[in-house]
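What follows is each chain in one-letter form.
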Amino acid sequence: MTHQQRILIVDDEPGIRKVLERYLLREGFLVEMAENGKQALEIIDQVTPDLIILDLIMPALDGLEMTRRLRAKSEIPIIMLTSKDEESDKLAGLEVGADDYVTKPFSVKEVVARVKTVLRRAGKTNQAATQPFHVSVGALTIDEATRTILLNEQPVKVSAKQFDLLLFLAQHPGQVFSREHLLNKIWGYDYVGNGRIVDVHIRRLREKVEPDSAAPKYLLTEWSVGYKFTNEVL
């Protein structure tokens, strides 16, 4: 039997919750709803969703603080909703661990498309991978089949987007990719964003997988060009 994926919608606006619920149910998802971060965390303790659609600005517990608390114990994919079109708000969401963001007012069809994309990239669809990628470089191991990363044989928690970004770079060792190429490859060709999102994810990955994030060994910057993964680590 195919696993029916569960989406948790967290927004203090009942109208937004209802319209998202209607479209997601139509697409075959199970749906849970919460009106703030505090209520959402209580739901997550009882039922683990496959993905969370999370409003940035809410009473009781806002989206940023909820994400911080959730990321301390879970890597459930998060799409953050924001009513502000400020780049700083989008980057703040990515900094604390969101996988994607959508700015209000939004197209519900776009949100549903983003949900499917993030779930697919998180490895939660039924598409079987052929020849799963596996590499060990220095103290770092990346396993596509299990979507796990080990550093010094210890598991490293990363978001779905962070894993996809590291995996893609590791699959092409020594090859330099521009921020625009990585945006298109990891976030999708129709993704509206800028290269700073890639910078944020690279920085967070370095904090997690590099022995010294200030002097990276695996994820290298080619100034004015982009990023590359090196497998030539002593």
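Please refer to the structure higher up on the page.
The rules behind the values
- Residues numbered from 1 in each chain as written.
- Predicted model: local features only at pLDDT ≥ 70, side-chain atom pairs only at ≥ 80, totals over all residues.
- Heavy atoms only, no water.
- Phe/Tyr/Trp six-rings, centres within 6.5 Å; stacked < 30°, edge-to-face > 60°.
- Helix = DSSP H or I, 4+ residues; strand = E, 2+ residues; numbered from the N terminus.
- Buried < 20%, exposed > 50% of the residue type's maximum accessible area, 1.4 Å probe, protein only.
- Lys NZ or Arg CZ within 6 Å of the ring centre and 35° of its normal.
- Axes fitted to C-alpha atoms, helices over the stretch in contact; angles between N-to-C directions.
- Parallel < 35°, antiparallel > 145°, perpendicular 65-115°, else oblique.
- Left-handed = near helix turned anticlockwise from the far one by under 90°.
- Contact = heavy atoms within 4.5 Å.
- Nonpolar A, V, L, I, M, F, W, Y, C, P; charged D, E, K, R; others polar.
- Pairing = 2+ DSSP bridges.
- Right-handed = clockwise from strand over helix to strand, strands pointing away.

(A) Up close: the packing of aromatic side chains. With the rule as written, the count across this model stands at 2 aromatic pairs. Measuring from ring centre to ring centre gives 6.4 Å for Y218 and F229, while their planes differ by 15°; the resulting arrangement is stacked. With Y218 in the loop between helix 8 (196-209) and strand 11 (219-222) and F229 in strand 12 (residues 226-229), this residue pair connects regions lying 11 residues apart in the sequence. Here the two residues Y218 and F229 agree in accessibility, since each one is buried. Above the plane of the ring of Y23 lies R26, whose end atom (NZ or CZ) is 4.7 Å from the centre.

(B) Structural view of the packing of helix 2 (residues 37-46) against helix 3 (residues 63-71). For the pair helix 2 and helix 3, interaxial distance at closest approach is 9 Å and the crossing angle is 25°. With respect to their mutual orientation, helix 2 and helix 3 come out roughly parallel. Regarding helix 2 and helix 3, the two cross each other, and that crossing is right-handed. Each of G37, A40, L41 and I44 in helix 2 lies in contact with helix 3, whose residues at this interface are M66, R69 and L70. Split by residue class, the contact of helix 2 with helix 3 holds 5 nonpolar, 1 polar and 1 charged.

(C) Seen up close, the pairing of strand 11. One ladder, built from 4 bridges, connects strand 11 with strand 12; its direction is antiparallel. For E222, the partnering residue across the bridge sits in strand 12 and is G226. Linking strand 11 to strand 12, which pair antiparallel, is a turn of 3 residues; within it S224 sits at a positive phi near 70°.

(D) Here's a closer look at the pairing of strand 3 (residues 51-55). Burial analysis of strand 3 places 5 of its 5 residues in the buried class, which makes it a mostly covered element. Here strand 3 shows two buried faces, one formed by L51, I53 and D55 and the other by I52 and L54. Across 4 bridges, the pairing between strand 1 (residues 6-10) and strand 3 is parallel. In the strand pairing of strand 3, V10 is matched with L54. As paired strands, strand 3 and strand 4 (residues 78-82) are joined by 4 bridges and run parallel to one another. By the bridge assignment, I53 is partnered in strand 4 with I79. Considered for its hand, the β-α-β crossover made up of strand 3, helix 3 and strand 4 is right-handed.

(E) Focus on the side chain of H201. Its location among the elements puts H201 in helix 8. Judged by its relative accessible area of 1%, H201 falls in the buried class. Ignoring any residue separated from it by four or fewer positions in sequence, one finds H201 in contact with L94, A98, K161, Q162, L165 and W187.

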